[in-house]
Number of protein chains: 2
Amino acid sequence: MLEPMNNRNRQILEAIIEDYISTAEPIGSGAIRSRHGLSLSSATIRNVMSDLEELGFLASPHTSAGRIPTEKAYRFYVDSLLAVRSADRSERDEIRRRCAVAGRDVEGVFREISQTLSSVSHYMGIVAAPRFTAHIFRQIEFIRLGGRRLLAILVSQSGSVQNRIIELQEEIPAEHLTKMANYLNSILTGLTIAEVKSRIIAEMQSEKSNYDSLMADALKLWQQSIDNGEEEIFIEGQANILDQPEFADVQQMKNIFRAIEQKSQLLSLLDSCIQAPGINIFIGSESHLNSMSGMSLITSTYVSGKNTLGVLGVIGPTRMGYSKVIPIVDYTAKMLTRLLTVD
Amino acid sequence: MLEPMNNRNRQILEAIIEDYISTAEPIGSGAIRSRHGLSLSSATIRNVMSDLEELGFLASPHTSAGRIPTEKAYRFYVDSLLAVRSADRSERDEIRRRCAVAGRDVEGVFREISQTLSSVSHYMGIVAAPRFTAHIFRQIEFIRLGGRRLLAILVSQSGSVQNRIIELQEEIPAEHLTKMANYLNSILTGLTIAEVKSRIIAEMQSEKSNYDSLMADALKLWQQSIDNGEEEIFIEGQANILDQPEFADVQQMKNIFRAIEQKSQLLSLLDSCIQAPGINIFIGSESHLNSMSGMSLITSTYVSGKNTLGVLGVIGPTRMGYSKVIPIVDYTAKMLTRLLTVD
DNA sequence: AATTAGCACTCGCCGGTCAGGAGTGCTAAT
DNA sequence: ATTAGCACTCCTGACCGGCGAGTGCTAATT
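Predicted model, so just to flag it, every value in this text is computed and none were measured. (Residues numbered from 1 in each chain as written. Chains lettered and ligands numbered in written order. Predicted model: local features only at pLDDT ≥ 70, side-chain atom pairs only at ≥ 80, totals over all residues. Heavy atoms only, no water.)

1. Observations concerning the overall build of chain A
Stage number 1. For chain A, the helix and strand inventory stands at 14 helices and ten strands.
Stage number 2. Expected size for 343 residues packed as a compact globule is a radius of gyration near 20 Å; at 26 Å, chain A overshoots this value by more than 25%.
Stage number 3. On the principal axes, the C-alpha backbone points of chain A span a range of 90 × 35 × 35 Å.
Stage number 4. When each of the 343 residues of chain A is scored for burial, the buried share is 51%.
Stage number 5. Of all intrachain contacts in chain A linking residues separated by at least 6 positions in sequence, the fraction that spans at least 24 positions is 61%.
Stage number 6. As displayed, chain A has an accessible area near 15,700 Å², and 48% of this comes from carbon and sulfur atoms.
Stage number 7. Taken as two groups, the 35 positive and 40 negative side-chain charges of chain A have centres that lie 3 Å from each other. (Helix = DSSP H or I, 4+ residues; strand = E, 2+ residues; numbered from the N terminus. Rg over C-alpha atoms; globule rule 2.2 N^0.38 Å. Buried < 20%, exposed > 50% of the residue type's maximum accessible area, 1.4 Å probe, protein only. Contact = heavy atoms within 4.5 Å. Areas by Shrake-Rupley, 256 points an atom, 1.4 Å probe, with all protein chains shown as cover. Lys, Arg positive; Asp, Glu negative; His and termini not counted. Charge placed at Lys NZ, Arg CZ, Asp CG, Glu CD.)

Below, the structure written as C-alpha cells:
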C-alpha cells in the first residue's frame, strides 16, 4: 500500500524539489544522497522515489534519467512552506531603497516597483495598477486646447491622473467650463469613481439639471471624460527570464512573449487575486492560461487604508525559487502599501 | 580589374539580396539563375558573385555555401531603392483605419501607432513620444491631495499631460495655490517648455518676485513640477520578431531584449534622427549600438505645424523587407503628422 | 519487515564515420 | 566574354558504438 506522506518521504521530496530548482536537471537517487548527506542508501531512495512517482509528485523524462517534480509537487512544497521566513536582509534593503527613490508621478512608482521585483527576484516583475474605478474622486478639470478640442483631467485622492481629449460639437466658453467643473466637483467629491457613475445617473434624472442646461451638459461631458478602458499593467525584466535554461527552447519563449503582449488574460487573472488578499500562487496550469504553461505566478495584494487597490507579483518558470520569491513579493507588497498610505 | 558596378552586376546583386530577404538562406549561383530567369549560365554568375564578394557586397559563410549580402549590400540596395513606391493599398488602409481608432489620451495614440507599425510590418514598432521640452506650455494646475502632498499637472498645447506629486515642507492654503498657478500661467503662456526654463530663471532674478514671496514660491514650485526625466518610448510587437529565423539563436535574442529594456541607448539614437527630417535608415552596425548588431532600424520623423516633434519607426533584422517597410514607416509618419495637426 | 548491495538493463549523449548534395573555383573550350 | 566540365570543399543527416548516469529487480543483510 502507498503510505501517503511520512516524514522521510516528505524530506526526500523536498530535497528533490530544491535540487531541481537550483540545477534544472533531473535528479537521480545517487545525487540526492550525496548532496544532502542522508543516511540512506541510494536503493532506498529509489524505492521512495518510485512511490512518489506513483503518487503523482514526480515524473521521469525517460527511463534512465533522474526525476523531476510535477506541478503537484511544487504545490505540496509551497503549501508546506507556509512557515514563510521573511526576505533576506539585503533583499529587504534593496526593495526599501528603490521604493524610496520612486518619487515622481504615480505611474512611475508602479513601473519602478515592477523593475524592483524583477531585479531582486531575477524573474519578471508585474504590477497591476489600481482599477481606476476604485479610486476616490478628487477633482476634475477641463482645459481648452485649440479649437473645439477639450482636455478633461481627472484626479483621484491618491494622485492618480487620467486624462482624455474630447472633440466638442461646438465651442464652450471658458467661464462655462469652470462652472461645469465646479458643479461636478461639488457633487462628486469623496465618492469612488464607481459610485460616481450611479450618482451621475441620478443627477441626470433630477429636476435641477433638467432646468439648467449647463449642468446637463456638464454631466454629458463627464461621461465622455471617463475612460472605462483597460487597466494598466507594468511588466518588467523580460530579459531576465531568458537566462533561465528552460527557455533554450524557442517555442516556449514565444508563448510567454505573446502572453505578455496581450495582457488582457493576464490582467483578468490578476484581477481575480484582488478577492483573495495576501499571497496567491499559481503553479503552471493552475492559472488556466495555456500561455502560462510551464510558468508560475506569485502575487500579493497591496492596500491603501482598508480597501485593496491592486496586485503585484513575479512571473517565473514553475521551477522557481519559491522560498526566496514569496518573501520578496510579500515584502514588496507591504512596502507599496506603506508608500500609498503615507498620507 | 574590378569594374565597380555595371548594370548586370547590380541586377545580380539585387536578385541575391531579394532572394535572401525572402528565404533567409545563403543564395547559390544556380538558385539565382533559375529563380530570376536570367539568360546567363551559373558559371558567369559565379564570376560576378566572386567580384561582388571582393568588393565587399557579399560574404560566404563557408566555402561551399551560397552567399549572403553584407551590410554594405543592404546599404547599396536601400540607396538605389530611392524610387520608393508608396505602401500597398491594403497596408495604407489598415494604417489609416487604426489611426482613426486611436482616440483616447495622447499617450494612447502613440501606443496604438506603435502597435500598428508592428502589425503591418511584422517587425517591431517603435515610437518616441515628443520630448516634453519641445511642447508649448498651455497651463499648470496645482491640486492638493491629502496632507502636504501636492499634485502638479502640466498641460501642453497639444494635450499632452505631465503630472507629478510634490511633497511640501509646509501646507499651502488653497487660495495661494490658485494665485500661484495664475501667476505662472500668465507669464508662461505660449512658450515652449524649454523656453520656460530660461524665463523662470529670468523671472527669479527680477525684482518683482523678490518682493513677493508668493511668486518666489511659485517659481520654486515650478522647478519641482517639471520632470526632466527620460522621454517615453513605445515599443510593441516584440513577439513578432521571434518568428524571424535568425533568432533561433537564443543569444541574439537576449541582446535585443536587453536593448529594448534599457531604452536609453535606443532613445538617443532616435533623438539623433530628429535633426534629419524624413526617412532614416540604420543598417546593422550603422547604429553604433552593439546591442543592435544584426538589426536594422527604419525611422521617420513626425511633425506638427513647422517643428518636428518626434520619431517613429520599425526595428527588424538586417535581412528586412526594406521595400515594404520603408513605405509603411513613411506613410505612418504622415498619418501621425496629420493626426497631430488636425487643429 | 525494512534496508541495502549487486547487477542487468535502458537510454540519452557524444564523437566518429560515411554518403549525399549544394556550391565553388579553376581550366579549357566556345 | 561566356560557358561547360570537373575536381574539390564543406555542411547535413544518418548511422553506429561506447560511455555514464540512473533505474528496477532480486537476493542478501540487519
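Text resumes after the structure shown.
2. Section: the protein's contact with DNA strand C
Stage number 1. Looking at DNA strand C, there are 20 residues lining it, with Arg 8, Thr 44, Thr 63 and Ser 64 of chain A together with Ser 29 of chain B nearest.
Stage number 2. Among atoms of DNA strand C positioned within 4 Å of the protein, sugar and phosphate together represent 73%.
Stage number 3. One nitrogen or oxygen atom from the main chain of Ser 64 of chain B is found 3.2 Å from a sugar or linking oxygen belonging to DNA strand C.
Stage number 4. Among the secondary structure elements, those contributing two or more residues to the surface near DNA strand C are α3 (42–54) of chain A together with α3 (42–54) of chain B. (Near = heavy atom within 4 Å. Polar contact = N/O pair within 3.5 Å; in protein donor to acceptor, adjacent residues only side chain to side chain.)

3. Quick word on the packing of aromatic side chains
All names here are of chain A.
Stage number 1. The final tally for this structure, using the stated rule, is eleven aromatic pairs over all chains.
Stage number 2. Measuring from ring centre to ring centre gives 5.6 Å for Phe 57 and Phe 76, while their planes differ by 65 degrees; the resulting arrangement is edge-to-face. Of this pair, Phe 57 sits in the loop between α3 and β1 (58–59) while Phe 76 sits in helix α4 (residues 71–80), and the two are 19 residues apart along the sequence. There is no split in this pair, since Phe 57 and Phe 76 are both buried.
Stage number 3. Put simply, the rings of Phe 110, Phe 234 and Tyr 302 pair up and form one aromatic cluster.
Stage number 4. We note Lys 72 situated over the ring of Phe 57; from NZ or CZ to the ring centre the distance is 4.8 Å. (Phe/Tyr/Trp six-rings, centres within 6.5 Å; stacked < 30°, edge-to-face > 60°. Lys NZ or Arg CZ within 6 Å of the ring centre and 35° of its normal.)

4. A closer look at the protein's contact with DNA strand D
Stage number 1. The local shell around DNA strand D holds 19 residues, among which Ser 29 of chain A together with Thr 44, His 62, Thr 63 and Ser 64 of chain B are the closest.
Stage number 2. Atoms of DNA strand D within 4 Å of the protein belong to the sugar or the phosphate in 71% of instances, the rest to bases.
Stage number 3. Ala 65 of chain A is positioned such that a nitrogen or oxygen atom in its backbone is 3.4 Å from a sugar or linking oxygen of DNA strand D.
Stage number 4. Among the secondary structure elements, those contributing two or more residues to the surface near DNA strand D are α3 of chain A together with α3 of chain B.
Stage number 5. Here the surface near DNA strand D is composed, by residue class, of four nonpolar, eleven polar and four charged. (Nonpolar A, V, L, I, M, F, W, Y, C, P; charged D, E, K, R; others polar.)

5. A word on unusual backbone geometry
In most cases, non-glycine residues show a negative phi, while peptide bonds are predominantly trans.
Residue and element names in this part refer to chain B.
Stage number 1. Of note in the backbone geometry, Ala 24 takes a positive phi value of approximately 65 degrees without being a glycine.
Stage number 2. The topology assignment puts Ala 24 in the loop between α1 (7–23) and α2 (29–36).
Stage number 3. Its relative accessible area of 21% is what places Ala 24 among the partly exposed residues.
Stage number 4. The backbone of His 288 shows a phi angle near 60 degrees, a positive value even though the residue is not glycine.

6. Quick word on the interface of chain B and chain A
Stage number 1. With 42 residues of chain B at the interface, the matching set in chain A holds 42 residues.
Stage number 2. Summed over both sides, the interface between chain B and chain A buries roughly 3,700 Å², with carbon and sulfur atoms accounting for 51% of that surface.
Stage number 3. Linking chain B with chain A are four salt bridges.
Stage number 4. A salt bridge links Asp 243 of chain A to Lys 254 of chain B, with the nearest nitrogen and oxygen atoms 3.1 Å apart.
Stage number 5. Here chain B and chain A share twelve residue pairs in polar contact (both at pLDDT 80 or more) between them. (Buried area = accessible area lost by both parts, 1.4 Å probe. Salt bridge = Lys/Arg side-chain N within 4 Å of Asp/Glu carboxyl O.)

7. Overview of the packing of α1 of chain B against α3 of chain B
Residue and element names in this part refer to chain B.
Stage number 1. Taken N-terminus to C-terminus, the directions of α1 and α3 make an angle of 85 degrees; their axes are 10 Å apart at the nearest point. Taken together, the axis directions place α1 and α3 in an arrangement best described as roughly perpendicular. Residues Arg 8, Asn 9, Ile 12, Leu 13 and Ile 16 of α1 touch α3, and the partners they reach there are Thr 44, Ile 45, Val 48, Met 49 and Leu 52.
Stage number 2. For the contact of α1 with α3, the class distribution of residues is seven nonpolar, two polar and one charged. (Axes fitted to C-alpha atoms, helices over the stretch in contact; angles between N-to-C directions. Parallel < 35°, antiparallel > 145°, perpendicular 65-115°, else oblique.)

8. Structural notes on empty space enclosed by the protein
Residue and element names in this part refer to chain A.
Stage number 1. Per the stated rule, a full pass over the model turns up five cavities of 30 Å³ or more.
Stage number 2. Elements supplying a minimum of two residues to the lining of the largest cavity: α13 (264–275) and β10 (307–317).
Stage number 3. It is α13 that provides the largest number of residues to the lining of the largest cavity, a total of four residues.
Stage number 4. Of the residues in the lining of the largest cavity, the class split is eight nonpolar, one polar and three charged. (1 Å grid on protein atoms, 1.4 Å probe; cavity = no way out; pocket = protein on both sides within 12 Å on 5 of 7 lines; lining within 4 Å. Points joined across faces, edges and corners; volume = space filled by probe spheres on them.)

9. Describing the relation of the copies chain B and chain A
Stage number 1. The transform that puts chain B on chain A rotates by 180 degrees and translates by 0.1 Å along the axis, for an RMSD of 0.2 Å. Taken together, the turn and the small shift mark the pair as related by a two-fold rotation axis. For chain B, the minimum C-alpha distance to the rotation axis belongs to Val 250 of chain B and amounts to 3.7 Å.
Stage number 2. When the interface residues of chain B are mapped onto chain A, 98% of them are again interface residues, pointing to one common binding face. (Least-squares fit on C-alpha atoms with pLDDT ≥ 70 in both.)

10. Some points on the side chain of Ser 114 of chain A
Stage number 1. Structurally, Ser 114 of chain A is set in helix α6 (residues 106–121).
Stage number 2. Ignoring sequence-local partners within four residues, the contact set of Ser 114 of chain A consists of Gly 125, Ile 126, Val 127, Phe 234, Ile 235 and Glu 236 of chain A.

11. Digging into the sheet that holds strand β5 (residues 149–156) of chain A
Residues and elements named next belong to chain A.
Stage number 1. Overall, antiparallel pairing links the three strands, which are arranged β4-β5-β6 in an open sheet. Lying at the two open borders of the sheet, with one neighbouring strand each, are β4 (137–144) and β6 (161–167). Here the strands of the sheet are splayed against their neighbours by 20 degrees on average, with no regard to which way each runs.
Stage number 2. When β4 meets β5, the two strands line up antiparallel, connected through seven bridges. Following the sheet pairing, Arg 144 is matched in β5 by Leu 150.
Stage number 3. Packed onto the sheet, helix α10 (residues 213–225) meets β4, β5 and β6 and runs at close to 115 degrees relative to β6. (Pairing = 2+ DSSP bridges.)

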